[in-house]
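Chains, contacts and geometry: an overview
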Amino acid sequence: RVRPRAGSSLEPQEHSMEAPAVPEELPPDKGAHELFGYVGIEAVLDQMKVKTMKTGFEFNIMVVGQSGLGKSTMVNTLFKSKVSRKASQPGQEERIPKTVQLQSVTHVIEEKGVKMKLTVTDTPGFGDQINNENCWDPIIKYINEQYERYLREEILITRKRKIPDTRVHGCVYFVPPTGHWLRPLDLEFMRRLSKIVNVVPVIAKADTLTLEERAEFKQRIQKDLKAHAISVYPQQDFDEDPDDRLLNDRIREKIPFAVVGADQEHQVNGKRVLGRKTKWGIIEVENPLHCEFPMLRDLLIRSHLQDLKDITHNVHYESYRVRRLNESNR
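To keep things clear, this report deals only with the structure shown in the data block. (Residues numbered from 1 in each chain as written. Predicted model: local features only at pLDDT ≥ 70, side-chain atom pairs only at ≥ 80, totals over all residues. Heavy atoms only, no water.)

Another point: unusual backbone geometry. Between Y233 and the following residue, P234, the backbone shows a cis peptide bond with an omega angle of 0 degrees. Tracing the backbone through its elements, the reader meets P234 in the loop between α8 (211-227) and α9 (242-254). With an omega dihedral of 0 degrees, the bond running from I255 to P256 counts as a cis peptide bond. Inspection of the secondary structure assignment puts P256 in the loop between α9 and β6 (257-258). Of note, the phi angle at N134 is positive, near 60 degrees, even though the residue is not glycine. For N134, a relative accessible area of 35% gives the class partly exposed. For A229, which is not a glycine, the phi torsion comes out positive at approximately 55 degrees. Tracing the backbone shows A229 in the loop between α8 and α9. (Helix = DSSP H or I, 4+ residues; strand = E, 2+ residues; numbered from the N terminus. Buried < 20%, exposed > 50% of the residue type's maximum accessible area, 1.4 Å probe, protein only.)

In structure tokens, the structure reads:
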């Protein structure tokens, strides 16, 4: 046991062990700035951006609808590139197949240094026959096959550093502009497909409807979806952040988007714009007063592209993975 020497006191020793909080010559603000200054955590965002731009990313979209609704034209308008199957096969006669045949075309699109591997899957023959019973089965089979392909790569002992992603991130369903209610085919397709993929319904060739017919048709579709408990993208169950919920609520009020596609430019007020030329004027595709194509493009690309991929991976693929692994365990 250490004993204090004679004439000494413990108080001065305890006081001498304490370090001064802030040097006297520095003001308190300057001392705090010296201790808690700039670290550089925000540079992580720059690192992620550089890495993403080097590796690029993948986006897979499927378009479903009857022939003649402008699916290929809409995809070309969406990405401002010739990415449809028609453009990749010039000179071939367009024939409607007797059964649903899925065709995928992959392109690499680059914009401002960012590369995107885009895969567009078309479904010719869907809904074109007299008997359309179970015409959605090839589409469901294709989507599940992409999940299965990803799952097999994922459960390997030595798997790839970056697994090729062929899963369908979004399915754009084209509703014919009848102006009435949804057909049983439309309801059954969206009821089945909304459980395994992100379904975004749109009213095709909306320029064939007046503004009043368009608004009434949209309300009828929303009532049909609610009555049959069909949850299309963006799903209300997956809104976690309050700000995201407010944004998605405004989007859900507009769904299905009334869209018009065009692949030709026209001169309007001295500017070149994409549109459809008619006897009474030009329907501008990118004009919100003419159609809701800009809303669809913002949803799929500008604001919710990453969210589409996240929900595909965390919800739809996860439910498929759990089901398949449970079957294997049994």
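Now that the structure is up, let's keep going.
Below, the discussion takes up the pairing of strand β3 (residues 114-122). Two elements, strand β1 (residues 57-64) and β3, share 7 bridges in a ladder whose sense is parallel. Bridge pairing in β3 links N60 to T119. Here strand β2 (residues 103-111) runs beside β3; their pairing, made up of 9 bridges, is antiparallel. Across the sheet, the residue bridging to H107 is L118, located in β3. (Pairing = 2+ DSSP bridges.)

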